[in-house]
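Each chain, written out:
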Amino acid sequence: MSTVSERLSAALADRYRIEREIGEGGMATVFLAIDARHERRVAIKVLHPELSAMLGPDRFLSEIKLTASLQHPNILPLFDSGVADGLLYYVMPFVEGETLRGRLERERQLPIADSVRLATEIADALQYAHERGIVHRDIKPENVLLQSGRAVVADFGIALAVQSAGGSRMTQTGMSLGTPQYMAPEQAMGERNVDARADLYALGAVTYEMLAGEPPFTGPTAQAIVAKVMTERSRPLRAVRDTVPESVERAVSVALEKLPADRFATANEFAAALTSMTTSAATRGIGTTTNPAGSRQQRAPWSAVGIGAVALVALAAGLAIGATVMTSRAKSSANDAALQIRFAVAPPDSVGLRLICCGQLFAISPNGRWLVYQGSPSVNDGKSNAAHDHVLYLRDLTDLSVRRLPSSTNATAIFFSPASDEVGFFVDRQMRRLSLSGTEAQAITTIPDGFIGGASWASDGRIVFGVSGRMLTVQANGGTPTALFPADTNGLQFTGPQFVTEHNVLLYSLSSFAKLPLVHWRSLASGKTHVVAAGTTPRYLAAAKALLLVRSDGSLIRYPFDIATGDTTGPGERLAGGIVTRSPILAHAEYSVSATGTLVTATRREVFGASGLSLVEIRDTPKSVPIMPDFIGYAEPTFSPSGDRIAVNVMRAQNGYVWYMYDVARQASTRIRADSGSGNGKLAWNSTGDSLLMLSAANTLTIVPADGSAAPRQLFTLGNWSISSERLSAWGPWLVMTGVRPGGTQVPDIVVVHRDSLGLMRPYISTPFAEAEPAIAPNGQYLAYASSENGRDDIFVSAFPTAGARVLVSPEGGFRARWSRDSRTIYFARGNDLYAVPFTPGPAGAPPTIGRPTLLYGRDPWGQVDIAPDGKSAVFVDRAREGVPTSLIVRLNAVH
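Predicted model only: the values in this text are computed from it and were never measured.

Cut-offs used in this document
- Residues numbered from 1 in each chain as written.
- Predicted model: local features only at pLDDT ≥ 70, side-chain atom pairs only at ≥ 80, totals over all residues.
- Heavy atoms only, no water.
- Pairing = 2+ DSSP bridges.
- Helix = DSSP H or I, 4+ residues; strand = E, 2+ residues; numbered from the N terminus.
- Axes fitted to C-alpha atoms, helices over the stretch in contact; angles between N-to-C directions.
- Buried < 20%, exposed > 50% of the residue type's maximum accessible area, 1.4 Å probe, protein only.
- pLDDT = per-residue confidence, 0-100.
- Contact = heavy atoms within 4.5 Å.
- Phe/Tyr/Trp six-rings, centres within 6.5 Å; stacked < 30°, edge-to-face > 60°.
- Lys NZ or Arg CZ within 6 Å of the ring centre and 35° of its normal.

Trainee: Quick rundown of the sheet that holds strand β9 (residues 341-345)? Include the residues and the values.
Mentor: Across the sheet, which stays open at both edges, the 4 strands sit in the order β9-β62-β35-β34 with antiparallel pairing between neighbours. Strands with a single pairing partner mark the edges of an open sheet, and in this sheet they are β9 and β34 (591-593). Put simply, the sheet's adjacent strands are angled 25 degrees from each other on average, direction ignored. Sheet analysis places β9 next to strand β62 (residues 885-892), joined by 5 bridges and oriented antiparallel. Its bridge partner lying in β62, F343 is registered against V890.

Structural data, given as C-alpha cells:
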C-alpha cells in the first residue's frame, strides 16, 4: 500500500476501512473504502500531499461545504470531508460502473442520440449549480459518471475550493485548475474570476468529443493545446461526422466560442439548442450570425502575448477519478419554464385590423392585461381599404370585452403609462393621453413637424419621443417639448425609444432610407452612447434582465443585457421569426411586449413585396449592407462572372422596371443601355463578363456591351415558346432557359438555343416534371438545374450541352443553383439558407463526384438571391410580409 494509503487508513480507522486504490489524477488519488457507520461502500478522494500542504485545511473545508448542499439527480452528492494526518479528503458514493471517459475509450464515438442526451443531462446539472452560484471549472469525461447510462457529474465546486484556498500560491507554483482540452480560453489564461460560461465551453468540448471521437483541440503538450484553444477554431463537426445534425453542430460551435459573451448565457440555452434538431438558419439561437465552428475565418480575440499564460497549465489536471454512484431518482428540471399560452386576438365583426405608420402600431400594457390596436370599422364596405379612417380598440385579455377608444381617429404611435391605466398616442401633430376608464382624451402637447418615431412614458412622469432627427421630452401633464440632448444624428431618424428611469438610460434605434436600423444605448447622466446591435424597436425587460430587438431578417432576438453598461452579456436567442418592420425606413417592428413577458406579434396573409436590396459579405461575422436605396422595386440581381458587378432590374416610383449595373467596389450604379422592351425581360452575362444577353417580354434577344460602349444589337427572336420568369444562363454560343412548348403540356422544360441557329430552340431535357433555373458551369461542361421529380425542388447536375446521366446535388431539397468561378462548387438555396457543395468532374464518361452540402448563410425572409462566384458574398432581394394583417398573436410567459 502507498504511503498516502497508510496515512489515510491510520487516521480514518474509526470511520472508514480503506480497501484499495482505484484511480489517480493530477491532484488527487481515489480509494475504495467502507463507511463503517453506515456499512456502505464509498469513494474517498485525497488531495496529493504537496497540494494539501499548500492549501491548508480551514479554507478548503470551508469552501467545500457549499458543494454538500447540492441535491440534483445528475449531481453526485458529497457525504463527508475533512483532514486526516495533514491530508485533505472528501467522500462520495461509490458504484461499480464506468465514467464517460471509459465509454469513450471503448467506443470512441457515441451515437448522436446518446451524445445529445448525455450533454443535456450534464447541462441540467450545470444549470442547477449555476443558479446557486457554483461553477464546476473542471467538466470533462473523467468527471461524468454513467449510472445505468445516465450522466452524473462529480466534483462540483472542488476546483473552486482548491483555487479559493490556494489563492495566489496557485499561480506562484505554476499550477492551474482544469484540463487543457476542456478549458475555456479565459480559464487557460489564468483568470481567477471565470463564470458559468467556462463550464459551457467545457461541456461544448465534451459534446464535441462524444460526437467526433476526440476533443476539439489536441496536441503533444499542455502548452500546445492551450495555444490552440486561444487562437484556433476547431474542425467543423460535420466535416468529421457528416451525420451530425446542423443544429447540433451550431449549438456546439456557439458553446466553443472564444469570448464568453459569444457563448450561450445559460446551460438551459445550450440544451435547448442541442435538442432543437432543426436545419433552418432562422433557429440559430442565438446570435444569428453564428456558423459552424471552423467555417468562419479565423479570429484570435486572445492576445498573442497572453499565450505565455500556457505555463500555468503545465501541471493542469483534474480531480476526477474513479467510479462512483448516485441514488436513483427520476430526472427533473431544476428550472421548469412557466407554461406558455398562445392565442389569437381578432378585431370585432366588421372591423379590420390596421397597421398604419408610425411608431408602435399596437401595444400591450406593462402589466400584460390591456391590448390596444388600430382597426378600421368600415373595412368591408367595398371601398378602397387605404382610404378609410381607423380608430383604436381596447381589448381586456382577462375577458372577451373589446371597446372603441374615443378621440383616437387615425391615431398612431401607441404607448402606455407605467401604471397601465392610461394610453398615449398621436393624432396629426398632437400627442394625447386617455384613461382606460375615460370618455375623452386629453391633449398633452403639439409636436413639431417630422417623422414620428414612437414614444415612451417613463415612471418619473416624463414622456420621451422621437421626431425625425430629434429626441424630445415633455411632462405627461402637459407642456412644451424640449430636446433631451443635442441632435447628433447627421440626417438619421430616431425610432422606438424606451426610457429606463431607474438607470437614467435611453434605448432607441437610428435609421434612414440608406441604412438599416441600429440599436443605441445612451446614458443621460454621462452623455455616453454606443451601438448595441443591428436591429430595431429595442425593449428592455428589467425582470428578465433581457433586451429584445428585431433584426432586418425579421427575427425577434432576446439578449441577456446589462442595462447599466449597455452591454449584452451572452449570445442572442431567437424568440420568433417573420416580424415585419414598417414605415419607409423599415424602422418599426410589429411586436409589443409587457414587463411581465407577454409577447404580441401580428399575422399577415402571405403576400410578399420587395422591400430592399442587400449585399451580404459571408464571413466571420456576416455584414449586410443595403444597396441602391433610391429604388422601390428590385428583381433578378445577377453577379458578373468576376463578381465585381451586379446587374439588377429595378423600379423607381411607378415608372416600370429598367436594368441597372451596380459596381460593388465603387458602390455606384448606372443604367444599362437596353431596348425599351427589355425592362420586364430576362438577362444573362456572357461567359467573359464583357456583354449582357437580354431577352425581352416579346422573346427578342439582344446583346449589349456591359461597359455601355455601344447600343444593344438584336440577335434574333425566339419561337412562340412561353419563356418562364426564371433568369437565363449563357456560355459561349449557348443560351439556356426554361419554357413551355407551344401546344404541349404546361409543365416547363429546359431548352437550349445556339446563337448561330437564328433562334431555333430544342429541349435539353423533357420530362413529366417541372424543371427550372438552369445554370451552366463556367467551364461549359455541366448544367445544374432544379427539378420536381422527387416531389419537391431538388438540384441535379448533368453534362452539357447534351444531357447525360443526372446526379443529385441536394439530398434534402434545394433550388437556385449557382456555380463557383472554377466550376468546383455548386451553391444553392434551401428554405431560407444558402449551401455550398463540392463538385469534382469525373473522368471521361464517368459521373462527377458530389460532396455533402455545408451551410453558408441564412436570412429570413428574402425573395430572390444570387451568390458571387467566389462564394464570399450574396445579393438578396429582401422581402417583408406586406399582406393584409389578420390578427394579433398573444404569447403569455414568452419571455423569462
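Trainee: Describe the pairing of strand β59 (residues 854-858), and please don't skip the residues or the numbers.
Mentor: Burial of β59 is extensive: 4 of the 5 residues sit out of reach of the surface. Sheet topology note: the strand β57 (residues 833-840)/β59 ladder contains 4 bridges and is antiparallel. Looking across to β59, one finds that Y835 is bridged to L855.

Trainee: So what's going on with the sheet that holds strand β22 (residues 482-483)? Residues and values would help.
Mentor: One open sheet accounts for 4 strands, arranged β19-β20-β21-β22; its pairing is antiparallel. Only two strands of the sheet have a single neighbouring strand rather than two, namely β19 (452-457) and β22. Sheet analysis places β19 next to strand β20 (residues 462-467), joined by 4 bridges and oriented antiparallel. Paired with A455 across the two strands is F465, which belongs to β20.

Trainee: An account of the confidence of the model for the chain is requested, with residue identities and associated values reported.
Mentor: Residues at a pLDDT of 70 or more form 83% of the chain, whose mean pLDDT is 81. With pLDDT under 50 throughout, residues 277-338 is counted as low confidence; its partners more than four residues away or in other chains account for 208 contacts. Taken as a whole, residues 379-387 scores under 50 in pLDDT and shows 9 contacts with residues more than four places along the chain or in a different chain.

Trainee: Could you give me a rundown of the packing of aromatic side chains, with the residues and numbers involved?
Mentor: Using the criterion set out here, one finds 17 aromatic pairs in the structure. Here F828 and Y835 contribute two aromatic rings whose centre-to-centre distance is 5.6 Å and whose plane-to-plane angle is 15 degrees, an arrangement assigned as stacked. On the basis of relative accessibility, which here comes to 0%, the residue Y835 falls in the buried class. Here the aromatic cluster, defined as three or more aromatic residues joined through ring pairs, consists of F415, F426, W457 and F465. Residue placement shows R132 over the ring face of Y128; its charged tip is 3.8 Å from the ring centre. Across from the ring centre of Y835, 4.2 Å away, lies the NZ or CZ of R830, which sits over that ring.

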